[in-house]
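# Survey of secondary and tertiary structure
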Amino acid sequence: MVVESPSSSIEALEKTETDGWKQEGTAILRAATPLDTRTIHFTTWPPITPSMAYSPRSEFLDRNSGFPRRRSTLHHQHTNLHLQEDAIEIPPMPSSPRTPLYYGSQVGIFPRLRPLQMLLILITILIVILETSDSIDPATLALSNAPRGGENLVSAIDGDLASLGLRQAHSRRASPTRTNANTPHSHGDLLFASYTPLATPAANGNVPTPPIASTSSTLSGKIVPSEPVSSASPTTINAPRGPLKPWEEAKEKEDDVDKYWEKRDGKIARKKGQDMCKCGPKSMCDYCMPIEPYDSAYQTSHAIKHLSYHAYLQKINSSAPLSSQSTSYVPPLSDPSYRVAVPCTSGSHPSWPAGICTKCQPSAVTLTRQTYRLVDHVEFAKPEIVEGLLSFWRTTGTQRFGYLLGRYEPYEEVPMGIKAVVEAVHEPPQEPHADGVAVGFPWEDEARVEQLAAACGLKVVGMIYTDLTADTTPEGKKEGKVLPKRHANSFFLSSLEVIFSAALQRKHPNPSRYSDSGFFSSKFVTCVLSADLTGAIAVEAYQVSDQAMGMVEADMIEASVDPGVVRVKEEIATRYIPDVFYRYKNKYGIEVKESAKPCFPVEYLLVNVTHGFPKQPNPLFISETAFTIENRAGVQEQSMPLVASRFLAAAKDISPAILDGSVSPSSDEKGKGKETDLEQARSIVKWLSDWHLLAYLESLGIFDPADVKLMARIGSSKSLEDLAKLFQSPSWHTFLTIAEESAPAVPTRDYPGAAPDKFDDGFEIPPDVDVPPESYGANGGGGGDVHMDDAGGAAPPNGAATGGSVVCPHCTFENDAGKMDCDICGLPLAG
C-alpha cells in the first residue's frame, strides 16, 4: 500500500523473508514537515496493517513479555493513533488477537485488523500528514485508486478497501474458509490523495493572494520544486509541476499520425470460427481474442520484416505505462551516442581530448539488424511524380535528385503502421552526371521551400534520385531495358549513399514524447529509381538505422571504393573510435562475432521500406498541364511568358469581371449564369494546383507572403472562397498586368514549317487576296507565312526565329532559337 500526499510519500520496498516469516514489504514515510522520517513495517501474513513504525533510534520490544518498552507520548484525539518524537505507534485493537512477527533482530506485535480497520488507519495517517500544512482544506481531502478521477472524500468513505477500488488478494497461508472481509490488500496497491488549498483573503478582501510556492518529493525521497499553484483553482497532488522536460515539450511537436496511434492499442482482431475457435458471437477464447501488434507469429506469417514504430513502443512498454505523471518517469527511448562525454561526469580528469576514463568513453558498438522502422510504406500520389524524373534521364542521359514533399498517414496494412504519402518532388540546384549527381548541401532556397510546403500542408519526408544506365545490347535497346546494378550480389545502397542518408535523417529528427531528448530517430526516407533484375525501372525505398545515424554523428565511418562496404575511420588525437563488432553466421551455421575494423558490410545499416501507388489516386495537385520543373537549365526553362500563356489558356472563358475581383465566383447567388461562372473559375483553381507553378510564382516576388499562402491553400484545398479573396488582392492585379504584357503572340497559321510554294500537282498557290503583295517576303509570291501586327507590318514566317525564339506550330510555345523539338509538346518545330 502506498499513500502519497503533496508533502510526503510512502515508498514500498522489495519483499524479503526473515526468520521463516514472510515479510511482504516495508513502507518509508518521508514528510517535508516538522515530523522526521519514519519507517512503517507491514505484512500480508498474518493479515494485518501497520502496528509499529520504527525510526533508526526506536527501541526494541521485549520478546519475553511482548510489550513495547516505550509508550507514545502524544495521542491523536480522534483515533487510536499515537505520536512519538521519532516514531508512530498504533496499538492493537482491544479485541483483536496478536501474532508476533520477527523482523531481523526486532520483534513487532501486529494486530490482525479487518480491511475496514486498515482503511481507517491509512486515512488517519494521511490526515496527520496533511494537518501539518496550513494551506490545505481538510474538507476537500479525497482518496482515489487512480492518478486522476474516482476521488472519494475522506469524510464520505463508508466501507472497506474495495470501496476505493483496491485489489483483494488471498494470502498463501490464509484459511480456505476465510471471508473477503478478512482478506488483506495486495502488495503494490496505490492510494492517491487530492485536496484544495485554502484561500488566504487579502487585506481588502477582494485581491486574490499570490500563488503559493510548494515543494514535492519523489518516491526516493528527493525534494523537487513545484510550480506555484493559484489559490483560486483546485489541484491534485500529482499534477505536473515545474519547467517542462524535453519529452513533455515534444508532445506539441509530434506528427498527427503519432497522436493518432497513441490513442489506440493497436490490437489485431481475429475472426471467430477459425484456428480451432468454437466461440459464439458473445464469447471469446485464446484462438479468437485480439493479439498484440508486435506478435512475432503474425509478423512472420505476413512477411513483415520490421516492427512499426508504435508497435515497437507497445512491445518495450508492455509491462509499464507509455507515459506517467510521476516525477520518477524515465522515457524508454534514447538515440545511440558514440561520442566521448564532455565534460566527464566524474570530474576527476580534464575533458576530452586531454583525458578520458570509463565513465566518459562510449561503450563498444555491436552492429545488429534494426528490428523496427519509423516509416513502413512510401506511397506516391500519382505516377507522374516519378515520370518527371525519368523524363529528364531519357532526355539527357544524366541522373537527377529531388526532395520528396508529402505527409504522414496511418498505414493499415501493417499493425500500427505509418506511410509517407508523396505529393510532389522539388529539385534543388544540382549538377547532373551520367554516373551520379552533385547536390549542394544545404541549399539556399531550403527555408523558402519548406515554408511554402507547410502552407500546402506538406513537409519534406525524404529524397529520391535516379541511378539508371541504358542497356546497349541489341535486345536491351529493342525492349528499352536498363542495366540492373543493385541486387543481393552487389549492393542496395552504397556506403556513400548511406552516409548521406544518415546526415539527412539527422537533419530531420522525429519528435517523440518517449525519448529523453524529445527526439528519436527520423521518418526521413530514401528512394532510388533504378533497374530490377528483369531490366525494368523500379523504385526502392530505404531508411538507415539509428546506429548509422549515431556513427555518422560521431564521425566514425566513411565511404570506401567498394560501394557495398563501409570503412571505419582511423583513430586520431581528437577522434575517439570505440570498438565496433558485427555478427554473422559462418558456413557451419554458427553465429560469429567479428571486429568491424577496418570495414564491414553496408547491409548492417539498412532498413527496408515498402512502396507503391494507390489503387484509387486522389492527388493533392490536380493541374492537367504540368508546369516546367525548376532548376533544369538548358533543358526546361521557367519563364514569365510561359506562365502568362498557361494562365491565358486557363482563363480564356472567364469573365474579366471575375478575374479582376469585381464579381465573386463564390457568392451565394443562384442561377444558370452563376453556375457557369463557378465552372469557369475552377479552371484557375486547377491551374494553381501545381507545386512547381506555386514555387515559381513565390520566387518572383510579386505576391505578398499572405497571398502566397492563399494561393497555396487554393492549390491544395481547391477553395473558391480563397480564390475570390485572391482576385481582390493588389498582388493579383499586378500579376494580371504582367501576364498581359508577357503573353506571346499567337501565330495565324497552324501548319508546320514554311508554306509550300506549289501544290503536289505543280500548280502555284495564289496569294491571299486580302493581304497586300508587299506584306510577303523578298521572294515575291514566295514561301513564307504572313504575320501581320497591329500596324500592318510584316512578321517573320512561322517556325522562324522571332526575337531569338521559335514558335511551336502545334502548341504555340516560344522555344529558344536553335531548338529542333518543342520543349513542351516534344513535336518537331519544322513539321
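Every chain begins its residue count from 1, and numbering advances along the sequence as written. Only residues with pLDDT of at least 70 are given local features in this predicted model, and only at 80 or more are side-chain atom pairs given and counted; all residues enter the totals for whole chains, interfaces and linings. Remark: hydrogens and water are excluded; side-chain values derive from all non-hydrogen atoms of the structure.

## Remarks on the overall build of the chain
Cut-off, in case you're wondering: By the criteria applied, helices consist of DSSP H or I runs no shorter than four residues and strands consist of E runs no shorter than two, each listed in order from the N terminus. Exposure categories follow from relative accessible area, calculated using a 1.4 Å probe and restricted to protein chains: below 20% of the type maximum is buried, above 50% is exposed, and the middle band is partly exposed. The criterion used for residue contact is that any of the two residues' heavy atoms lie within 4.5 Å. For accessible areas, the Shrake-Rupley method is used with a probe of radius 1.4 Å. Any residue's cover is judged against the shown protein chains and nothing else.
When you go through the chain residue by residue, the secondary structure sums to 17 helices and 39 strands. For the chain, the residues scored as buried account for 45% of the 831 residues in total. If you take every contact in the chain between residues at least 6 apart in sequence, the share linking residues at least 24 apart comes to 61%. Entry remark: accessible area of the chain is about 43,100 Å², with carbon and sulfur atoms responsible for 53%.

## Considerations on the pairing of strand β35 (residues 606–612)
As a general feature of sheets, a regular strand has side chains that alternate between the two faces. The condition is simple: Note on pairing: DSSP must find at least two bridges between two strands before they are called paired.
Bridge analysis of strand β22 (residues 377–380) against β35 gives 3 bridges, and the strand direction is parallel. Looking at β35, one finds that valine 378 is bridged to histidine 611. In terms of strand pairing, strand β29 (residues 537–544) meets β35 through 4 bridges, oriented antiparallel. Residue pairing across strands places alanine 541 opposite valine 609, the latter belonging to β35.

## Some words on the nonpolar core
The line we're drawing: Among the buried residues, those of types Ala, Val, Leu, Ile, Met, Phe, Trp, Tyr and Cys that are joined through side-chain atoms within 4.5 Å form a nonpolar core.
Among the nonpolar cores identified, the biggest contains 85 residues, and Trp687 and Phe735 are the most heavily contacted of them. Residue contacts for phenylalanine 735: discarding those within four places in its chain leaves Met640, Val643, Phe647, Trp687, Leu697, Ile702 and Phe703. Listed in part, the 29 residues of the second largest apolar core include Val257, Trp261, Leu390 and Ala420.

## Here's the deal with helix α14 (residues 691–700)
Each full turn of the α-helix corresponds to 3.6 residues, which orients residues three or four apart in the same direction. What counts, and what does not: N or O atoms closer than or at 3.5 Å make up a polar contact, with two conditions inside protein: a donor-capable atom paired with an acceptor-capable one, and, for residues adjacent in sequence, both atoms drawn from side chains.
For α14, the tally of buried residues reaches 7 of 10 residues, placing the bulk of the element in the interior. Within α14, the full set of buried residues consists of Trp691, His692, Leu693, Leu694, Ala695, Tyr696 and Leu697. Near the N-terminus of α14, the side chain that reaches the backbone nitrogen of histidine 692, with its oxygen 3.0 Å away, is that of aspartate 690. Just downstream of α14, glycine 701 is the residue with a positive phi angle, here 85 degrees.

## Comments concerning the pairing of β29
In this structure, strand β28 (residues 525–531) lies alongside β29, joined through 6 bridges in antiparallel fashion. For serine 530, the partnering residue across the bridge sits in β29 and is alanine 538. Where β28 hands over to β29, the hairpin turn is made up of 5 residues, of which glycine 535 adopts a positive phi near 90 degrees.

## Re the sheet that holds strand β32 (residues 580–585)
Using the following cut-off: Interaxial angles span 0 to 180 degrees and are taken between N-to-C directions of axes, which are lines fitted to C-alpha atoms, for helices over the stretch in contact.
Strand order in the open sheet made by the 3 strands is β20-β32-β33, with mixed pairing throughout. The strands lining the two open edges of the sheet, one partner per strand, are β20 (365–367) and β33 (591–595). Each strand of the sheet is rotated relative to its neighbour by a mean of 30 degrees, with strand direction disregarded. Pairing analysis gives 5 bridges linking β32 to β33, with the strands arranged antiparallel. Across the sheet, residue phenylalanine 581 finds its bridge partner in β33, namely serine 595.

## Comments concerning the pattern of salt bridges
Test applied: Put simply, a salt bridge is a Lys or Arg side-chain nitrogen that is within 4 Å of an Asp or Glu carboxyl oxygen.
The final tally for this structure, using the stated rule, is 29 salt bridges. Arginine 400 serves as the salt-bridge partner of glutamate 427, at 2.6 Å between the closest nitrogen and oxygen. On the criterion of sequence distance, the pair formed by glutamate 427 in the loop between β24 (417–426) and β25 (430–433) and arginine 400 in the loop between α6 (384–396) and β23 (401–411) is long-range, its members being 27 residues apart. Overall, glutamate 427 belongs to the buried group, its relative accessible area being 2%. Since its relative accessible area comes to 1%, arginine 400 is described here as buried. Between aspartate 445 and arginine 448 there is a salt bridge, and its shortest N-O distance comes to 3.4 Å. Each of the salt bridges in this network shares a partner with another, and the network as a whole consists of Asp255, Asp258, Lys459 and Lys523.

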